[in-house]
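# Commentary on secondary and tertiary structure
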Amino acid sequence: MRTVTLSLLVLLCGVAHAADKPAIRIASGESGGTYQRIYAKNFERELRDYDVFHRPTTGTGANLEMLVSGEADVAFAQADIYAAQLRQDPASLESLVVIGQIAKECVYIAYRKGGSVESLAQLGQPVDGRPAKIAVGPALGGSSGTWRHFTILDPSLANANVDHGGDILALNQLAVGAFDAMIWVTDPNNLGHKLLQALRENEKLGLMPIDDPRFDYTLPNGTKVYELREVALEDGWRPDTLETVCTGALVLARRDGDPKFIQKLAEIVSKYPR
């Protein structure tokens, strides 16, 4: 009886201790994505004094919406999507503060080898008498937002029809002709990314180079939105590479957040290589 009582006491003390920890909600994008699987997990390990809850979303746009509405305390977002919204509606982001950048994220546009579209420029042109068709993922996802930004920098790309399909299904559909291209955005160091792995295992698919200087883009305030870069597609001494554009992965919080929490986030971000 005494053993049971002591065990119950220890359990209750543990519950009470856990209840004393402030709750923190992270808007971390798609389940299994780089934000959720890598960045959010790394932050959780650093936030040992908090009870951390992950809030899966469809991507950057939804992460920002959740943070603005107060449904999250911290969020990850692509710099290009944040910059685009800042240009279009700066008042909508006044409640947020950028803590810093933790990584680069690069754009991958897949195409079907031997198809009518094998370059970015061809996506803006008619294909057999019809508009080209690209799968961009969920409407509030980062890839969809990046494509919208691309159509601003190169207006001819707005001629392509957009489909909000994504993930492995859309990649498979690209291989059999349902789309002319598919876009995703991820950390270039994540060589195990499921879409990159699936593409490289499919002989019918390739990746478009992006080398147009129009996409090397900086805001008037000096914020770098895109930069041209060559990224590796595999490990090894002389790996296959891709010319593309990359943006930043930002950490944001609410301005009215606990100052101690904001400071802790800043300390975590400072550990990431620049």
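Heads up: the structure comes first, above all this text.
### A word on the side chain of Arg254
Examined against the element boundaries, Arg254 turns out to sit in strand S10 (residues 241-254). What makes Arg254 buried here is its relative accessible area of 17%. Within the structure, the side chain of Arg254 is placed 2.9 Å from the backbone oxygen of Val68, a separation counted as a polar contact. What Arg254 contacts, discounting residues up to four positions off in sequence, is Leu67, Val68, Ser69, Gly70, Ala72, Asp73, Ser95, Leu96, Val97 and Ile262.

### Notes on helix H4 (residues 79-88)
For H4, the complete set of buried residues consists of Ala79, Asp80, Ile81, Tyr82, Ala83 and Ala84. In the core, the buried residues of H4 are packed alongside helix H3 (60-68), strand S3 (74-78), strand S4 (96-112), helix H6 (142-153) and S10.

### Some points on the environment of Glu105
Assignment of secondary structure puts Glu105 in strand S4. The class for Glu105 is buried, based on a relative accessible area of 2%. Distance in space between the C-alpha atoms of Glu105 and Ala79 is 9.1 Å, their sequence separation being 26 residues. Residues in contact with Glu105, not counting those within four places in the same chain, are Tyr35, Tyr39, Gln78, Val185, Thr186, Asp187, Pro188, Val245, Cys246, Thr247 and Ala249. Within the structure, Glu105 has its side chain in polar contact with the side chain of Tyr35 (distance 2.7 Å).

### Thoughts on H3
Counting buried positions along H3 gives seven out of nine residues, so the element sits mostly inside the fold. Where H3 ends, the next residue or the one after it, Gly70, has phi of about 85°, a positive value.

### Things to note about the state of the cysteines
Applying the stated rule across the entire model yields one disulfide. Note that Cys106 is cross-linked by a disulfide to Cys246, the S-S spacing being 2.0 Å. Taking the torsion about the sulfur-sulfur bond, which here is approximately 95°, the covalent link between Cys106 and Cys246 counts as right-handed. Here Cys106 is found in strand S4, whereas its partner Cys246 is found in strand S10, with 140 residues between them in sequence. Cys106 sits in the buried class, given a relative accessible area of 0%. Residue Cys246 is classed as buried on the basis of its relative accessible area of 1%.

Rules and cut-offs
The written sequence of each chain sets the order in which its residues are numbered from 1. For this predicted model, a pLDDT threshold of at least 70 governs which residues receive local features, and a threshold of 80 or more governs which side-chain atom pairs are given and counted, while totals over whole chains, interfaces and linings are taken from all residues. Computation of side-chain values: all heavy atoms of the structure, hydrogens and water removed. Put simply, DSSP H or I for four residues or longer makes a helix, DSSP E for two residues or longer makes a strand, and each gets a number counted from the N terminus. When a residue's accessible area, from a 1.4 Å probe over protein chains only, is under 20% of the maximum for its type it is buried; when over 50% it is exposed; and in between it is partly exposed. Two N or O atoms count as a polar contact when they lie within 3.5 Å, although within protein this holds only if one can serve as hydrogen donor and the other as acceptor, and sequence-adjacent residues are included solely when both atoms are side-chain atoms. Contacts: residue pairs with any heavy atoms within 4.5 Å of one another. Only a pair of cysteine sulfur atoms within 2.5 Å counts as a disulfide in this structure description.

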